[in-house]
Amino acid sequence: MGLSTARRAALLAVVVCALALTVAVPLRNYVSQRHELAAVAEQQQRLDADAAALRGERAAMDDPAHVEALARARLGYARPGETPYRVELPGDAANQPTSSSGAAIAPSEADLPWYTRVARGTLGTAP
């Protein structure tokens, strides 16, 4: 070929760089897709567990005794002829956080900063 040693070295360097770039991009895509696949598989397992829990809750709602117990506990319902009582101690009202509308805030909501609670209430974003 009649090329000098410097030119041969430069040509070899260009070929090696081209081969490295040819291999590097697909390898980078492969590695990133493997990480993404692992994250999606983990999310799928989490969603499967959530779905199983929700199926269990739905099955529990088929039991009239469970529904009655929930209505009594959460809504304060009583059967006809029963007299419902709610005992509130003086310190209980001060310890229970309330929103601007006066309704009780869930304990997980109470731990959030005030501006997050205001944004959720104003924008209607879900927790």
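Each value, and the rule that gives it
Residues numbered from 1 in each chain as written. Predicted model: local features only at pLDDT ≥ 70, side-chain atom pairs only at ≥ 80, totals over all residues. Heavy atoms only, no water. Patch = residues over 30% accessible without salt bridge, like charges linked within 9 Å, V, L, I, M, F, W, Y side chains within 5 Å. Areas by Shrake-Rupley, 256 points an atom, 1.4 Å probe, with all protein chains shown as cover. Salt bridge = Lys/Arg side-chain N within 4 Å of Asp/Glu carboxyl O. Helix = DSSP H or I, 4+ residues; strand = E, 2+ residues; numbered from the N terminus. Expected span 1.5 Å × (residues − 1). Buried < 20%, exposed > 50% of the residue type's maximum accessible area, 1.4 Å probe, protein only. pLDDT = per-residue confidence, 0-100.

**Student:** Hey, could you run me through a nonpolar patch on the surface in this one?
**Tutor:** A surface patch of nonpolar side chains, about 330 Å² in accessible area, is lined by Leu 3, Leu 11, Val 15 and Leu 19. Among the secondary structure elements, Leu 3 is positioned in the segment before helix 1 (5-60).

**Student:** Before we go on, may I ask you to explain helix 2 (residues 64-75) in this structure?
**Tutor:** Note: α-helices contain 3.6 residues per turn, so residues at a spacing of three or four share the same orientation. With 12 residues, helix 2 extends 16 Å from end C-alpha to end C-alpha; this agrees with the ideal 16 Å at 1.5 Å per step. Trailing helix 2 by a residue or two, Gly 76 shows a phi angle of about 75°, which is positive.

**Student:** Looking at this model, I keep getting lost on the pattern of salt bridges. Mind explaining?
**Tutor:** Side-chain pairs of opposite charge can arise where the charged atoms are in close proximity. For the coordinates displayed, the defined rule picks out four salt bridges. As a salt-bridge pair, Arg 72 and Glu 68 come within 3.2 Å of each other at their nearest N and O atoms. With a gap of four residues between them, Arg 72 and Glu 68 both fall in helix 2, about one helical turn apart. Taking the relative accessible area as the measure of exposure, Arg 72 reaches 31% and is therefore partly exposed.

**Student:** What is the right way to read the confidence of the model for the protein from this model?
**Tutor:** Here the protein shows a mean pLDDT of 82. Residues at 70 or above account for 79%. By mean pLDDT, helix 4 (residues 107-110) is the weakest element of the protein at 65, and helix 1 is the strongest at 93.

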